[in-house]
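# Descriptive analysis of the structure
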Amino acid sequence: MTNPIADPLVEVPDTAALSDTVQLDASPSGVAVVTINRPAKKNAFDAEVIAALSQHFETLRDADGVRIVFLRGAGGAFSAGADLEWMRAAADWTESENRDDAMALAEMLLALRELPQFTVALVEGPAFGGGAGLVAACDYAVASADAKFAFSEVKLGLVAATISPHVVDAIGPRRAKSLFATGRMFDAAFAETIGLVDEVVAVPADLDDAMERLSTEIMACAPGAVAASKQLVDDIAGLPIDEELLEQTARLIAARRVGEEGQEGVRAFLDKRKPGWAQ
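None of the values given here were measured: they were computed from a predicted structure.

What counts as what
- Residues numbered from 1 in each chain as written.
- Predicted model: local features only at pLDDT ≥ 70, side-chain atom pairs only at ≥ 80, totals over all residues.
- Heavy atoms only, no water.
- Helix = DSSP H or I, 4+ residues; strand = E, 2+ residues; numbered from the N terminus.
- Rg over C-alpha atoms; globule rule 2.2 N^0.38 Å.
- Buried < 20%, exposed > 50% of the residue type's maximum accessible area, 1.4 Å probe, protein only.
- Contact = heavy atoms within 4.5 Å.
- Areas by Shrake-Rupley, 256 points an atom, 1.4 Å probe, with all protein chains shown as cover.
- Lys, Arg positive; Asp, Glu negative; His and termini not counted.
- Charge placed at Lys NZ, Arg CZ, Asp CG, Glu CD.
- Axes fitted to C-alpha atoms, helices over the stretch in contact; angles between N-to-C directions.
- Parallel < 35°, antiparallel > 145°, perpendicular 65-115°, else oblique.
- Nonpolar A, V, L, I, M, F, W, Y, C, P; charged D, E, K, R; others polar.
- Pairing = 2+ DSSP bridges.
- Expected span 1.5 Å × (residues − 1).
- Salt bridge = Lys/Arg side-chain N within 4 Å of Asp/Glu carboxyl O.
- Core = buried A, V, L, I, M, F, W, Y, C linked by side-chain atoms within 4.5 Å.

## Regarding the overall build of the protein chain
Along its length, the protein chain carries 11 helices and 10 strands. Computed over its C-alpha atoms, the radius of gyration of the protein chain comes to 20 Å, within 12% of the 19 Å expected for a compact globule of 279 residues. The principal-axis extent of the C-alpha atoms belonging to the protein chain is close to 65 × 50 × 35 Å. Burial analysis of the protein chain (279 residues in total) assigns 43% to the buried set. Excluding contacts between residues fewer than 6 apart, the proportion of contacts in the protein chain whose partners are at least 24 apart in sequence is 68%. As presented, the protein chain carries roughly 14400 Å² of accessible surface, and 56% of it is formed by carbon and sulfur atoms. Taken as two groups, the 24 positive and 43 negative side-chain charges of the protein chain have centres that lie 6 Å from each other.

Written out as structure tokens, the structure reads:
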């Protein structure tokens, strides 16, 4: 595979009208990078950032040539959470207006979670509140050792409501209770221990190496099978292992075996060649 870092990045279609507070680029090899671009604000959220992220995720959902999506922040910070000016304005909104605003964030996180491509958060510096929620909504997360995390909403008299489904799914209810209730800050090593982060690298520059490695790894996998594998986990999580589940999973593998990707993958293996998606 072509080195995704060395590839000249080209803009994904249909994004020209969006604000440059969030940038979306993709390489010819199928690697997309979504960058929150507010370094002076430590990439904090506001309504404009949330809307831009939502639109970019909508674009990526139907981007058949994109195989892996990386999410990161510009200027040494992933995301410091809510923008102070945005929070100041929200203090004067009605409950209904606040509900609509919160739904925009919740729907953006769901759009990220439901992307068919493999999604990876590249975390350096702060990942607080909604920023940590973005990490939890990705399929995988790599953090530099300097990264810091916190669900500090309780210190403002609030709760981590909109991000909670993704965080609880990632780290479990008991850990979520303690971190939501105390609002304490924790480092990348602890984030890895609890499952919020999958791997820790020494310095932020190593995140680019992780991009290359993960991109190479995912390009060996059939894109439809990647999407189906992600959906499989969501479909069976928490279900009892009974006859109905056995039948459901048997039907899925049977359909994949006779499908185009399954046929190509098995025949390529038997012929000792690379399958078409890995060329």
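## Here's the deal with the environment of alanine 121
Position of alanine 121 relative to the elements: it lies in strand S5 (residues 118-123). For alanine 121, a relative accessible area of 0% translates into the label buried. Spatially, the C-alpha atom of alanine 121 lies 24 Å from that of leucine 84, the residues being 37 residues apart in sequence. Ignoring any residue separated from it by four or fewer positions in sequence, one finds alanine 121 in contact with Leu71, Phe78, Val135, Cys138, Tyr140, Ala141 and Val142.

## Concerning the packing of helix H9 (residues 223-236) against helix H10 (residues 243-258)
H10 packs onto H9 with a crossing angle of 175° between their chain directions and a minimal axis gap of 12 Å. With respect to each other, H9 and H10 are oriented roughly antiparallel. In this structure, H9 uses Gly224, Ala225, Ala228, Leu232, Asp235 and Ile236 to contact H10, whose residues at the interface are Leu245, Gln248, Thr249, Leu252 and Arg256. A breakdown of the residues in the contact of H9 with H10 according to their chemical character gives 6 nonpolar, 3 polar and 2 charged.

## Some thoughts on the pairing of strand S4 (residues 68-73)
With 6 of its 6 residues buried, S4 lies for the most part within the structure. On S4, burial covers both faces: Ile68, Phe70 and Arg72 on one face and Val69, Leu71 and Gly73 on the other are all buried. With 6 bridges connecting them, strand S3 (residues 31-36) and S4 associate as parallel partners. Within the sheet, the bridge partner assigned to valine 34 lies in S4 and is leucine 71. In the sheet, S4 pairs with S5 via 4 bridges, with the strands oriented parallel. Its bridge partner being in S5, phenylalanine 70 is matched across the sheet by valine 120.

## Concerning H9
Between its first and last C-alpha atoms H9 spans 20 Å; for 14 residues at 1.5 Å apiece the expected length is 20 Å, and the two agree. One or two positions beyond H9, positive phi appears at glycine 238, with a value near 85°.

## Description of the pattern of salt bridges
Scanning the entire structure with this criterion turns up 15 salt bridges. Measuring nitrogen to oxygen at the nearest pair gives 3.7 Å for the salt bridge that ties arginine 273 to aspartate 271.

## As for the nonpolar core
Among the nonpolar cores identified, the biggest contains 51 residues, and Leu53, Phe149 and Leu196 are the most heavily contacted of them. With sequence-adjacent residues up to four places away left out, leucine 53 is seen in contact with Val22, Val34, Ile36, Phe45, Leu71 and Met108. If you look at the next biggest cluster of nonpolar residues, it comprises 16 residues, including Val31, Leu214, Ile218 and Met219.

## Let's talk about the side chain of glutamine 117
Turning to its location among the elements, glutamine 117 is positioned in the loop between helix H3 (95-113) and S5. Every residue in contact with glutamine 117, bar those within four places of it in the chain, is listed here: Leu60, Ala63, Val66, Arg67, Ile68, Val69, Asp139 and Lys230.

## Details of the sheet that holds strand S8 (residues 148-150)
Taken together, 3 strands build an open sheet; the order of strands is S6-S8-S9 and the sheet is mixed. In the strand order of this sheet, the two ends are held by strand S6 (126-128) and strand S9 (185-187), each with one partner. Taken over all neighbouring pairs, the strand axes of this sheet differ in orientation by 25° on average, direction set aside. Sheet analysis places S6 next to S8, joined by 3 bridges and oriented parallel.

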